Amino acid sequence: MTVTLVFLAAILAIVTWWMAGQRLASKPWLEASPAQTATGRDRPPEPAINLGLYVFLGVVAALFSLFISAYFMRMASSDWWGIPVPRLLWWNTAVLATSSVALQLATKEARDGRMENLRPALAAGFLLAALFLAGQIQAWRDLNAAGYVLADNPANSFFYILTGLHGLHILGGLVVLGRTTARALAKNVSPERLRSSVRLCTVYSHFMLAVWLILLAVFAGWANRFADLCLQLLS
């Protein structure tokens, strides 16, 4: 239980630091977006949209934290048999990280107003994220073929539930990213109109990459070693 609390405290500290860096404490009711001021439309101010995303990411972080806590507590049971980490997951991790890098590049190109570079960067980010999902499905198939089925033991169940939940969030992000990419590929679209959407997609991508790295650390057993090290340093 102590190991669980230490690891979750570390996750909470990382999430809090990250959100503080994203200006979670901004006051959207005191700010107005240029689009709203210029057109007079009832469009939510950009800071309000940002705040909405960060609140959502906070809820997602809490959800995964609860599942990870349950994972650690269930590990103490006698019917727990560890599940091997498929090698494909390491390739999938590299693919997801590259997708996040591509979207960070897209954010820079949108800020600088270079549509000729923004379009391929968005398309690359979208395709790589889709490839990550395909790789995750293939990892499931490999584990099933090796006999690690969902209902065989609790470790298998947690692996499929956590990776499936993460995959669903990636899929939801792909829907929004796909719409943003389609808008970028349309004619007569200025980078200014895409800047906010691209940046929010990038923030979401970075967050889901961080969640996946934490899950991978849990599956690989690194989380236990990290928590043990923290306990040694605190003792």
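Our subject is the structure that appears above.
Here's what I pulled together on the structure shown here. Quick caveat, the model's predicted, so the values are computed rather than measured. (Residues numbered from 1 in each chain as written. Predicted model: local features only at pLDDT ≥ 70, side-chain atom pairs only at ≥ 80, totals over all residues. Heavy atoms only, no water.)

Some words on the overall build of the chain
When helices and strands are counted, the chain shows 8 helices and 0 strands. Partitioning the intrachain contacts of the chain with sequence separation of at least 6 by distance along the chain shows that 80% fall at a separation of at least 24. Accessible surface computed for the chain: about 12800 Å², of which carbon and sulfur atoms make up 67%. (Helix = DSSP H or I, 4+ residues; strand = E, 2+ residues; numbered from the N terminus. Contact = heavy atoms within 4.5 Å. Areas by Shrake-Rupley, 256 points an atom, 1.4 Å probe, with all protein chains shown as cover.)

Looking at the environment of Phe 56
Locating Phe 56 in the fold gives a position in helix H3 (residues 46-75). Classification of Phe 56 as partly exposed rests on a relative accessible area of 39%. Along the chain, Phe 56 and Tyr 204 lie 148 residues apart, while their C-alpha atoms are 10.0 Å from each other. Among all residues touching Phe 56, those that are not within four sequence positions of it are His 169 and Tyr 204. (Buried < 20%, exposed > 50% of the residue type's maximum accessible area, 1.4 Å probe, protein only.)

A short note on the layout of surface pockets
Approximately 540 Å³ is the volume found for the largest pocket. Lining the largest pocket are 25 residues, with Val 176, Thr 180, Ser 197, Leu 200 and Cys 201 positioned closest to its centre. Taken together, the elements giving at least two residues each to the lining of the largest pocket come down to H3, helix H4 (88-112), helix H5 (115-145), helix H6 (154-185) and helix H7 (191-220). Classifying every residue of the lining of the largest pocket by side-chain character gives 13 nonpolar, 8 polar and 4 charged. (1 Å grid on protein atoms, 1.4 Å probe; cavity = no way out; pocket = protein on both sides within 12 Å on 5 of 7 lines; lining within 4 Å. Points joined across faces, edges and corners; volume = space filled by probe spheres on them. Nonpolar A, V, L, I, M, F, W, Y, C, P; charged D, E, K, R; others polar.)

So far we have only geometry, and geometry alone does not tell us how the molecule works.
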